[in-house]
Amino acid sequence: IINWIVAMALDMRDLPGSDAHDNNMQTNSLLSEFVGGDGIIALLFLFGILVGTYICTWELYYTGSFILEGFNGADEGVVLGATFSLVSFFYTPVYWQTSTWADGAIAMLQSFIGDENIYLSSMHGRVRNMDVYAVAFFTGFVWQSVPKVTSVVRTKGLQSLRTLVPNLLLVASTVVMLHCDPNLMLRSPRTMVHLISGLFAEQTTQMMLDHMGDEEFDVRQRWPLFPYVLLASWMMMTGSVFSANTLDAILLAY
C-alpha cells in the first residue's frame, strides 16, 4: 500500500499542523479539503488495508471461513495496485493528481442537463483521478467490513468484539501520537510505518495461529502493543513532553 501511495503522489507526511502541511501549496481537491489534507487520505489508505485484513482474519477466527467478496484486495486489489504502478510509470504520478476522469464525466453530464448547473461547474478541476479511486476504496472498505462484523456479532455475540480491541488500539494510538506531534511522520516516516506494520502483523498472525491451533486469542497477551498504547496515552495526557529527538529515539529503539 505504501508503494501505491507513492505511485499516486500522496505525501503521508503532509498532516494538519506539520511543517510539510503548512509549507505546501493548498490543494484544489474537494476531498483533500474535506478530510484535512492528502496526509489524512494516505493514512486512511494505510489503515483501511490493515483494518480490512484484520477483520477478514477475525471473521476466519470465529467462523472458520476466509470469505473474499467478488471484488477483493487479495485478488483484484493486487492487480489494480500493479495497474497504478504501470500508469504512474508511463504517465508519471502527476497523472493521479489531475482531474481528467471527473472532468470528462462532468462534461458529459453537462451536455445532457445543460451548462447552467452551478454545482457541476464548481466541481470542474476539483475532483482528482486519485480522489475517485479513494472514494471507491473507502466505499468498498465499508461495504465489505460492516457486514462481516455484523454477521459475526449476530452469531457469536457481543463478546466477539473484544478481539477487535488490539487493532482498534493500534489505530487510535497512532492517531493520538500524530495529533500530539504532527511532524512525527515527517521526521520518521520509515520508523512509523515499519512499527505500525510490525504491530499489526504480530496481532494478525497470532490470531491466524490461534485459529489453526484451536486456541483462544487472548487480547491480554498482546504485550508488544502495550508500550505503544502507553506512549500514546502519555503523550495525550501531557501534550507530548518529549523532545523531537527523544521521541524519535524511543520509537526507533521500540
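Scroll up to find the structure.
Bear in mind that the values here come from a model prediction, so they are computed numbers and not experimental data.

The rules behind each value
Residue numbers restart at each chain and count upward from 1, following the sequence in its written direction. Where totals are concerned, whole chains, interfaces and linings use all residues; where local detail is concerned, this predicted model gives features only for residues with pLDDT of at least 70, and gives and counts side-chain atom pairs only at 80 or more. Heavy atoms throughout the structure, all of them, feed into the side-chain values; hydrogens and water do not. A pocket, in this scheme, is an open set of points on a 1 Å grid over the protein atoms alone with protein on both sides within 12 Å along at least 5 of 7 lines, while a cavity is a set where a 1.4 Å probe fits but cannot get out; residues line either one if an atom lies within 4 Å of a point. Grid points are joined across faces, edges and corners, and a volume is the space filled by probe spheres set on the points. By definition, any uninterrupted DSSP run of H or I lasting at least four residues is a helix, any uninterrupted run of E lasting at least two residues is a strand, and each is numbered from the N terminus. Three residue categories are used. Nonpolar comprises Ala, Val, Leu, Ile, Met, Phe, Trp, Tyr, Cys and Pro, charged comprises Asp, Glu, Lys and Arg, and polar comprises the others, including Gly. Distance and chemistry together define a polar contact, namely a pair of N or O atoms within 3.5 Å, with one atom able to donate a hydrogen and the other to accept it when in protein, and with adjacent residues in sequence counting only for side-chain atoms on both sides. Working rule for contacts: check all heavy atoms of both residues, and any pair within 4.5 Å makes them a contact. One side-chain nitrogen of Lys or Arg within 4 Å of one carboxyl oxygen of Asp or Glu is enough to make a salt bridge. The classification of residues rests on relative accessible area computed with a 1.4 Å probe and restricted to protein chains. Under 20% of the type maximum is buried, over 50% is exposed, and intermediate values are partly exposed.

> Go over the layout of surface pockets, please, and point to the residues and values.
Its volume calculated, the second largest pocket comes out at about 350 Å³. What lines the second largest pocket is a set of 17 residues, and nearest its centre among them are Ile40, Leu43, Leu44, Phe47 and Val175. Looking at the lining of the second largest pocket, the elements with two or more residues in it are helix H4 (38-63), helix H8 (129-156) and helix H9 (165-180). When residues of the lining of the second largest pocket are assigned to their parent elements, the largest contribution, 6 residues, is made by H4. A class-by-class count of the residues in the lining of the second largest pocket yields 14 nonpolar, 3 polar and no charged.

> Run through the side chain of Asn183, naming residues and quoting values.
Following the sequence through the fold, Asn183 ends up in the loop between H9 and helix H10 (184-187). Side-chain polar atoms of Asn183 contact the backbone nitrogen of Asp19, separated by 2.7 Å. Those residues in contact with Asn183 that lie beyond four places of it in its chain are Ser18 and Asp19.

> Would you mind going over the pattern of salt bridges in detail, with residue names and values included?
A complete count under the given rule lists 10 salt bridges for this structure. Close ionic contact of Asp11 with Arg13 constitutes a salt bridge, the shortest N to O distance being 3.0 Å. Classification of Asp11 as partly exposed rests on a relative accessible area of 23%. Relative accessible area serves as the criterion here: at 32%, Arg13 is assigned to the partly exposed category. Where Asp248 meets Arg187, a salt bridge forms, and the shortest distance between an N and an O atom there is 2.8 Å. Within this pair, whereas Asp248 is found in helix H13 (residues 244-253), its partner Arg187 is found in helix H10, the two being separated by 61 residues in sequence. Taken together, the salt bridges that share partners define one network made up of Asp38, Arg128 and Asp131.

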